[in-house]
Amino acid sequence: MAKKWYVLHTYSGYENKVKRNIEHRVEALGVEGKIFDIQIPSEEVVEIKEGGRRVTSDKKIFPGYVLVRMELDDASWNVVRNTPGVTGFVGAQGKPSPLSREEFNKIMKHTDPAAPKKTSSSLGVGMNVKVISGALVEFDGTIAEVNPEAGKIKVLVSIFGRETPVELSYDQVTRL
């Protein structure tokens, strides 16, 4: 029988607990030869807080889902399915559907430490901000665009009575 990756649906926020529970159940019930690996896909995200402070954290790519590499038979299915926090396998008509190698690779490429870090911020279009560094320090403006990949925002600043779009980094502004 082939080892394949399956997707489990769990209660949101219980992914780590489900992983630990499955690992304990595999050992206790002696099915080490059927369940091989458990992954919770996550990626590093850099959040920019007030005043430009950067905080790095791990964010789950698919909250409420866990990947399990296993040989699917009645014994392994029962071990996983009856683990506290697991609500079921992902698949058609209640039957577990394995991921293709391409699907698995696509999901896991985001977890690679060499993958570019995502940047997120509480800043959004339409928010009023004050420039706190650079040539336009002390100017107020309104956010017109947010580019999280680049960590940049476009702010409409009133200069000489005209609104002028200016590209700034997240850490150059603070919310009003």
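The model shown is predicted, which means the values in this text are computed figures rather than measured ones.

**Considerations on the environment of Asn 82**
No. 1: Note on placement: Asn 82 falls in the loop between helix H2 (74-81) and strand E6 (86-89).
No. 2: With a relative accessible area of 47%, Asn 82 lands in the partly exposed category.
No. 3: Counting along the chain gives 29 residues from Asn 82 to Thr 111, while the straight-line C-alpha distance between them is 28 Å.

**Description of the sheet that holds strand E12 (residues 173-175)**
No. 1: Read from one edge of the open sheet, five strands run E11-E10-E9-E8-E12, paired in antiparallel fashion. Looking along the sheet, the strands with just one partner apiece sit at the ends: strand E11 (162-169) and E12. When strand polarity is set aside, the average angle formed by the axes of neighbouring strands in this sheet is 40°.
No. 2: Judged from the eight bridges that link them, strand E10 (residues 152-159) and E11 form a sheet pairing that is antiparallel. Directly across from Ile 159, in E11, lies its bridge partner Arg 162.

**A short note on the side chain of Ser 169**
No. 1: Among the structural elements, Ser 169 can be located in strand E11.
No. 2: The residues touching Ser 169, leaving out its near neighbours within four places in the chain, are Gly 151 and Lys 152.

**Things to note about the side chain of Gln 172**
No. 1: Structurally, Gln 172 is set in the loop between E11 and E12.
No. 2: The class of Gln 172 is buried, set by a relative accessible area of 19%.
No. 3: Among the polar contacts made by the side chain of Gln 172, one reaches the main-chain amide nitrogen of Ser 169 at a distance of 3.0 Å.
No. 4: When near neighbours in sequence (up to four residues on either side) are disregarded, Gln 172 contacts Lys 130, Val 131, Ile 132, Ser 133 and Gly 134.

Basis of the calculations
Residues numbered from 1 in each chain as written. Predicted model: local features only at pLDDT ≥ 70, side-chain atom pairs only at ≥ 80, totals over all residues. Heavy atoms only, no water. Helix = DSSP H or I, 4+ residues; strand = E, 2+ residues; numbered from the N terminus. Buried < 20%, exposed > 50% of the residue type's maximum accessible area, 1.4 Å probe, protein only. Pairing = 2+ DSSP bridges. Axes fitted to C-alpha atoms, helices over the stretch in contact; angles between N-to-C directions. Contact = heavy atoms within 4.5 Å. Polar contact = N/O pair within 3.5 Å; in protein donor to acceptor, adjacent residues only side chain to side chain.

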